[in-house]
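Summary of structural features
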Amino acid sequence: ASLVAQFEAVYAPESAGLLVEIVVTPGDHSDLPTLELNASVVASGVTIVGGSVPSHGRRLSSGDATITLRPKAGHHELIRTLPGAPSFRVRGLRLSGQVSVNGSHVNFEECTFEDSQTSEGGTLAIVGAGVVEANACNFSRNQGAVLVDGGEAAFATCRFEENIATEGGSAL
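Residues numbered from 1 in each chain as written. Predicted model: local features only at pLDDT ≥ 70, side-chain atom pairs only at ≥ 80, totals over all residues. Heavy atoms only, no water.

1. Describing the overall build of the protein chain
- The number of helices and strands found in the protein chain is one helix and 17 strands.
- Across the 172 residues of the protein chain, 40% fall into the buried class.
- Look at the contacts in the protein chain between residues 6 or more apart in sequence, and 58% of them connect residues 24 or more apart.
- In the form shown here, the protein chain has an accessible surface area of approximately 8,400 Å², with 48% of it arising from carbon and sulfur atoms. (Helix = DSSP H or I, 4+ residues; strand = E, 2+ residues; numbered from the N terminus. Buried < 20%, exposed > 50% of the residue type's maximum accessible area, 1.4 Å probe, protein only. Contact = heavy atoms within 4.5 Å. Areas by Shrake-Rupley, 256 points an atom, 1.4 Å probe, with all protein chains shown as cover.)

In structure tokens, the structure reads:
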């Protein structure tokens, strides 16, 4: 099933009360609509993970196993979470579009936020009562890396490189 179809499944009755893991195959997944999690999601939690990364253990691979998600042409927002959304975990993905966390909790692990152009805010925008924990993530070549406005953010072993902003700071 396509990534969009898998993402839509978190709203389906079959997902009610379950922790849903979506495994994204290597490659460039372009032209995606905004992937949204809100209070209508019936899954108790959602994880999007790159490739076949095990929850515990390690992955050995040869060749390029990069997994990139990009929004539709002309759109900037890739992922949006809203108040009432279940916990959300993103692991091992390259995100080339704005991720907006509003009134929800999101964990990012080993993700790269790069080459994103946003109309306002940062590539990672944490607003309202949003909470983000980012571990071992890279923020590179973005028009504004992170915006925190009314939310909370914790960054552990993250790198910020070559980010720019037209107003205020370019990293945070």
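So that's the structure; there's more coming.
2. With respect to the pattern of salt bridges
- Counting across every chain of the model gives ten salt bridges.
- With a shortest N-O distance of 3.9 Å, E109 and R91 are connected by a salt bridge. Residue E109 is located in strand β10 (residues 105-109), and its partner R91 is located in strand β7 (residues 87-91); the two are separated by 18 residues in the primary sequence.
- Judged by relative accessible area, R91 falls into the buried class, the value being 11%.
- Each member of the salt-bridge network shares a partner with another, and the members are R89, R91, E109 and E110. (Salt bridge = Lys/Arg side-chain N within 4 Å of Asp/Glu carboxyl O.)

3. With respect to the packing of aromatic side chains
- Throughout the structure, instances matching the rule amount to six aromatic pairs.
- Aromatic pair F113 and F139: ring centres 4.6 Å apart, planes at 5°, arrangement stacked. Of this pair, F113 sits in strand β11 (residues 112-114) while F139 is found in strand β14 (residues 138-140), placing the two residues 26 residues apart along the sequence. Considered together, F113 and F139 belong to a single accessibility category, that of buried residues.
- Look at F139 and F155: their rings are 6.0 Å apart centre to centre, the planes differ by 80°, and that puts the pair in the edge-to-face class. (Phe/Tyr/Trp six-rings, centres within 6.5 Å; stacked < 30°, edge-to-face > 60°.)

4. A closer look at the pairing of strand β12 (residues 124-127)
- One ladder, built from four bridges, connects strand β9 (residues 98-102) with β12; its direction is parallel. Following the sheet pairing, V101 is matched in β12 by I126.
- Examined bridge by bridge, β12 and strand β15 (residues 146-149) share three bridges and lie parallel to one another. Among the inter-strand pairings, A125 is bridged to a residue of β15, identified as L147. (Pairing = 2+ DSSP bridges.)

5. Section: the nonpolar core
- Formed by 37 residues in total, the largest nonpolar core has its most connected members in F88, L95, F108, F113 and L124.
- When residues in this core are grouped by element, the largest group, three residues, is from strand β1 (residues 19-24).
- Setting aside anything within four residues of it in sequence, one finds L95 in contact with L69, L78, I79, V90, F108, T112, F113 and E114. (Core = buried A, V, L, I, M, F, W, Y, C linked by side-chain atoms within 4.5 Å.)

6. Description of the pairing of β10
- Of the two faces of β10, only the one carrying V106 and F108 is buried; H105, N107 and E109 on the other face are not.
- Bridge count between β7 and β10: four bridges; the pairing is parallel. The partner of V90 across the bridge, within β10, is F108.
- Both β10 and strand β13 (residues 131-135) contribute to a ladder of five bridges, which runs parallel. Following the sheet pairing, E109 is matched in β13 by N135.

7. Concerning the side chain of T123
- Among the secondary structure elements, T123 is positioned in the loop between β11 and β12.
- Here N142 takes part through its side chain, which lies 3.3 Å from a polar atom of the side chain of T123.
- With sequence-adjacent residues up to four places away left out, T123 is seen in contact with G97, Q98, V99, F113, S116, T118, N142, G144 and A145. (Polar contact = N/O pair within 3.5 Å; in protein donor to acceptor, adjacent residues only side chain to side chain.)

Read these as geometric descriptors, not functional statements.
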